[in-house]
Amino acid sequence: MAIFLLARDSIRFLSLRQNDEPTAIRLLLGAAVLGSLLYSYLFVWNSRMLSTFPLVYILWGYLLWELHVTTDARGYNRVSTRLPFGVTVFAMLVILSFCKVQNYSGSISTRAPETHLVDHPLLRGIHVYHTQVEDIKNMMALISIDPEATMIPMSESTTMGFLSGKSNPTYYRLFTTELGGRGEPDRLIHAIEHYCIDHFVARKSQFISGGGPGSDLHLYAPRVRQHLIDHYRVDRLGKNFVLLSRNSICQN
């Protein structure tokens, strides 16, 4: 919705006939909404995005108001009063149709998957989604062989790294943003070999097809991904994650 309105109002604003203040306001609002959503996705991923909600609501209000004004101006009086309401109800039904976890605003509870308790000192009394139980148990079994092993949690797997209890001698913990700077992939590879990292835990989709949503290491750090494939064994933990274990001599 934000992209559509931003594109439409950009065309209107660039047109001499439509270069007016309301169009400029909508254009700025659409840009603010899109920027806020992108920021929330990168830095507050899978968490609360309360700072974005007011902008989205205002933009949604603009859209409904335009539907009302446009249909009313064409003489569709009944449609002009009912269409905004109908569009809102339809949007709510679409959202609820794919919501399967607790809504992050904390105000709406939707369908939640089955949960289980896991025998883990850091998860006492905490119910874990059943799709993650296998990943956690298998990871703990594999890494228990070497109590002194080191581990780096990759993108979208920082919780798994925390549960492992393994030390991470580097400052790399969230590959998506940490590898954006010039030369960072080379520095990461150097750190991996310098500290002779024993394990990585990552989203399954980073190295194996499937495994749910996750960032694509092949797109933003292909050299790092290839280095890991060349020097580590990839073990599937469960439905969501994989464990990488070093199978070569360190190059430090």
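Residues numbered from 1 in each chain as written. Predicted model: local features only at pLDDT ≥ 70, side-chain atom pairs only at ≥ 80, totals over all residues. Heavy atoms only, no water.

Enquirer: What is the right way to read the sheet that holds strand β4 (residues 199-203) from this model?
Expert: What links the strands of a sheet is backbone hydrogen bonding, and the strands pair in either a parallel or an antiparallel sense. Read from one edge to the other, the open sheet built from four strands follows the order β3-β4-β6-β5, with strand pairing classed as mixed. The two strands at the open ends of the sheet, each matched to only one other strand, are β3 (151-153) and β5 (232-236). Strand after strand, the sheet turns through a mean of 25° between neighbouring axes, direction not considered. Together, β3, β4, β5 and β6 (241-246) form the strand contacts of helix α5 (residues 130-143), whose direction differs from that of β6 by roughly 10°. (Pairing = 2+ DSSP bridges. Helix = DSSP H or I, 4+ residues; strand = E, 2+ residues; numbered from the N terminus. Axes fitted to C-alpha atoms, helices over the stretch in contact; angles between N-to-C directions. Contact = heavy atoms within 4.5 Å.)

Enquirer: Even after reading the chapter, I still don't get the packing of helix α8 (residues 184-194) against helix α10 (residues 222-231), so can you show me in this structure?
Expert: When two helices pack together, their arrangement is given by the angle between their axes and by how far apart the axes lie. Remark: α8 packs on α10, axes separated minimally by 9 Å, with the N-to-C direction vectors making an angle of 25°. By the angle between their directions, the pair α8 and α10 is classed as roughly parallel. Every pair of crossing elements has a handedness; the one defined by α8 and α10 is right-handed. On α10, the residues touching Pro185, Asp186, Leu188, Ile189, Ile192 and Glu193 of α8 are Arg223, Val224, His227, Leu228 and His231. Here the residues of the contact of α8 with α10 sort into six nonpolar, two polar and three charged. (Parallel < 35°, antiparallel > 145°, perpendicular 65-115°, else oblique. Left-handed = near helix turned anticlockwise from the far one by under 90°. Nonpolar A, V, L, I, M, F, W, Y, C, P; charged D, E, K, R; others polar.)

Enquirer: What exactly am I supposed to notice about the pairing of β6 here?
Expert: Strand residues, when the strand is regular, have side chains that alternate between the two faces of the sheet. Within β6, six of the six residues are buried, which leaves it mostly tucked inside the rest of the structure. Residues Phe241, Leu243 and Ser245 of β6 are buried on one face, and the alternating residues Val242, Leu244 and Arg246, pointing to the opposite face, are buried as well. Summarising the sheet, β4 and β6 pair through five bridges and their orientation is antiparallel. Paired with Ala202 across the bridge in β6 is Val242. As defined by bridge partners, β5 adjoins β6 across five bridges and the pair is classed as antiparallel. (Buried < 20%, exposed > 50% of the residue type's maximum accessible area, 1.4 Å probe, protein only.)

Enquirer: Would you mind going over α10 with me for this structure?
Expert: Along an α-helix, residues three or four apart share an orientation, since each turn contains 3.6 residues. Along α10, the residues that are buried comprise Val224, Arg225, His227, Leu228 and His231. When α10 is viewed along its axis, its buried side chains cluster within an angular range of 160° and face the same direction. (Arc of directions from axis to C-beta.)

Enquirer: In this structure, what is going on with the packing of aromatic side chains? I would like to understand it.
Expert: To describe a pair of aromatic rings, one takes the distance between the centres and the angle between the planes. Applying the stated rule across the entire model yields two aromatic pairs. A centroid spacing of 4.3 Å and a plane angle of 25° characterise the contact between Tyr171 and Tyr172, whose relative ring orientation is stacked. On the basis of relative accessibility, which here comes to 2%, the residue Tyr172 falls in the buried class. Seen from their ring centres, Phe200 and Tyr232 are 5.3 Å apart, and the 90° between their planes marks the pair as edge-to-face. (Phe/Tyr/Trp six-rings, centres within 6.5 Å; stacked < 30°, edge-to-face > 60°.)

Enquirer: Looking at this model, I keep getting lost on the confidence of the model for the protein chain. Mind explaining?
Expert: The predicted structure's coordinates, where accompanied by low pLDDT, should not be read in detail. For the protein chain, mean pLDDT is 79; residues scoring 70 or higher make up 83% of the total. Note on residues 101-110: pLDDT under 50 across the span, and 19 contacts to partners over four residues away in sequence or across chains. (pLDDT = per-residue confidence, 0-100.)

Enquirer: When you look at the environment of Asn138 in this model, what are you seeing that I'm missing?
Expert: Relative to the helices and strands, Asn138 resides in helix α5. For Asn138, a relative accessible area of 30% gives the class partly exposed. Between the alpha carbons of Asn138 and Leu243 there is a distance of 9.2 Å; along the sequence they are 105 residues apart. Reaching out from Asn138, the side chain makes a polar contact with the backbone oxygen of Leu237 at a distance of 2.5 Å. (Polar contact = N/O pair within 3.5 Å; in protein donor to acceptor, adjacent residues only side chain to side chain.)

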